[in-house]
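Chains, contacts and geometry: an overview
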Amino acid sequence: MPNNKKVVTRFAPSPTGFMHVGGVRTALYAWAWARKNNGTFILRIEDTDKAREVEGSIPHIIESLKWLGINWDEGVDIGGEHAPYLQSERLDSYQKYAKILIEKGYAYTDPYTEEEVSAFRAQAELEKRAFLYREHRLETTEIWDGKKPLRFKVPEIKSYKWNDAVRGELTAGEEALDDFILIKSDGYPTYNFAHIIDDLEMGVTHVMRADEFIASTPKFLSLYEALDIVPPVFVTLPPILSPEGNKKLGKRDGAKDILEYKKEGYLPEAMFNFLAFLGWNPGGEQEIMSPMEIVEHFSLEHIHSSGAMLNEEKLLWMNKEHMKKKSYEEQLVGIKPYMTEYSDEILERLVPTIIDRINFYGELHTIKDIEFGFFIKRPQIERERVLFKDDGVDVASNNLENVKNILKDIDFSSADIIKQAIMPYAEKEGKGNVLWPLRMTLSGQEKSVDPFTICFVLGKEESIIRIDEMLKKLDS
Ligand code: GLU
């Protein structure tokens, strides 16, 4: 590829179901490389296998990419210079190149029925050798009328050596070449053919894709040669491995729908960061990066060639770090939908405490009642529970009374101010003897946020009401 050519990358998913981490990571790397080089990023949909198509996949792909902030310059929904971007609407292009191949003598009508091909395959298996269609190639076949498959006629059977930007030099022997189908009997092209024509017409310079395509690369190379096309740069991404690291990630090992993470309240920039580091690392210590920082540092040399383990613990950590970096206002907006039963007043004061206790917003669904429920619902506590160790009722009562008197006269504008007012008294009387009854009275919990924060969040009036109620209980 000449150096001065504008970088063009593409993400070319097949609409066969939901997007999982692997697919999105491919998109992310292709996007980052285009952005890094002020190039073009294209979203193309490869919908030529009608039997595998799943309805709703295209909007799902679009929503997933948009959620992560991956935008495209040309693509299915927005059009562009090389429209259309849906392969099923590009059949004329494939026909055009099919004809060129036929004219050059590099394509022919498949003369066999499916049964005949199966019989060849069975025979090869019996003889314990690889089945190669090209060994059954006939001298001449009938003129292609589009009703039968059109096959590629490999011009030269040879071994290949090529360069991959990640894997380095790769080689394959002659057995990797075969007369594959270009256009099926239903009129649709195969992936092997269509992507090469599209990449050519769209000016794609770098092809980022999974390692399952390495085995077919010699076939692609022989087709590039037949059409006199200079191949793009191949950038093979490392496989994503299951959390145990011993096999490729499958749906059962957590290859879940990327939009599930959105629903669970993960931050898109954390997911972006996580996916970027799944098989790439800029070197250095910094692991928390914004999408723009990732683009800035992105390079093909730092894409790993060995598998990347999917570690959800790391995602949790990254999400928390990104959550902590958000402004207070952004955190409030993020939390609010999960805490609709909390008044604005309480929630506004509770933000730092919540951020401290969760890794992702959706966690609030499971922990909010246990951890924060007492802020909106007065706890019902038996008086024995506020007694610290073997303190008697009079000690607890006296300490609560004195704390109440301190609280009455101070400013409640921060937990720190409250702490500074109460601590000297607590230190004098024994921290446990003072702070235990206070925490228990306000929250009903043995383990909770510190009592000063509880006071601050509850506000002066509510804190004093709760203490008064307990004092009454202790008195009776
Ligand atoms: N349509 C192919 C897939 O979804 C894309 C492979 C490629 O990027 O060339 O696996």
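Residues numbered from 1 in each chain as written. Predicted model: local features only at pLDDT ≥ 70, side-chain atom pairs only at ≥ 80, totals over all residues. Heavy atoms only, no water.

Observations concerning the pattern of salt bridges
Inspection of the entire model under this criterion finds 35 salt bridges. Arg-44 is the salt-bridge partner of Asp-198, the closest N and O atoms lying 3.6 Å from each other. Of this pair, Asp-198 sits in helix H5 (residues 191-201) while Arg-44 is found in the loop between strand E2 (40-43) and helix H2 (57-67), placing the two residues 154 residues apart along the sequence. Comparing Asp-198 with Arg-44, the two get one shared label, buried. (Salt bridge = Lys/Arg side-chain N within 4 Å of Asp/Glu carboxyl O. Helix = DSSP H or I, 4+ residues; strand = E, 2+ residues; numbered from the N terminus. Buried < 20%, exposed > 50% of the residue type's maximum accessible area, 1.4 Å probe, protein only.)

Brief notes about the packing of aromatic side chains
Per the stated rule, a full pass over the model turns up 17 aromatic pairs. Relative to Phe-213, the ring of Tyr-191 has its centre 5.0 Å away and its plane inclined at 45°; by these criteria the two rings are tilted. One end of the pair, Tyr-191, is in helix H5; the other, Phe-213, is in the loop between strand E9 (206-210) and helix H6 (217-226), and 22 residues separate them in sequence. The exposure class assigned to Phe-213 is partly exposed, which follows from its relative accessible area of 22%. A centroid spacing of 4.4 Å and a plane angle of 35° characterise the contact between Phe-374 and Phe-375, whose relative ring orientation is tilted. Across the pair, exposure class does not vary: Phe-374 and Phe-375 are buried alike. An aromatic cluster is present here, built from Tyr-29, Trp-33, Phe-277, Trp-280 and Phe-298 joined pairwise through their rings. Seen from the ring of Tyr-29, Arg-25 lies directly overhead, with NZ or CZ sitting 5.6 Å from the centre. The aromatic ring of Tyr-261 is capped on one face by Lys-256, whose charged end is 4.3 Å from the ring centroid. (Phe/Tyr/Trp six-rings, centres within 6.5 Å; stacked < 30°, edge-to-face > 60°. Lys NZ or Arg CZ within 6 Å of the ring centre and 35° of its normal.)

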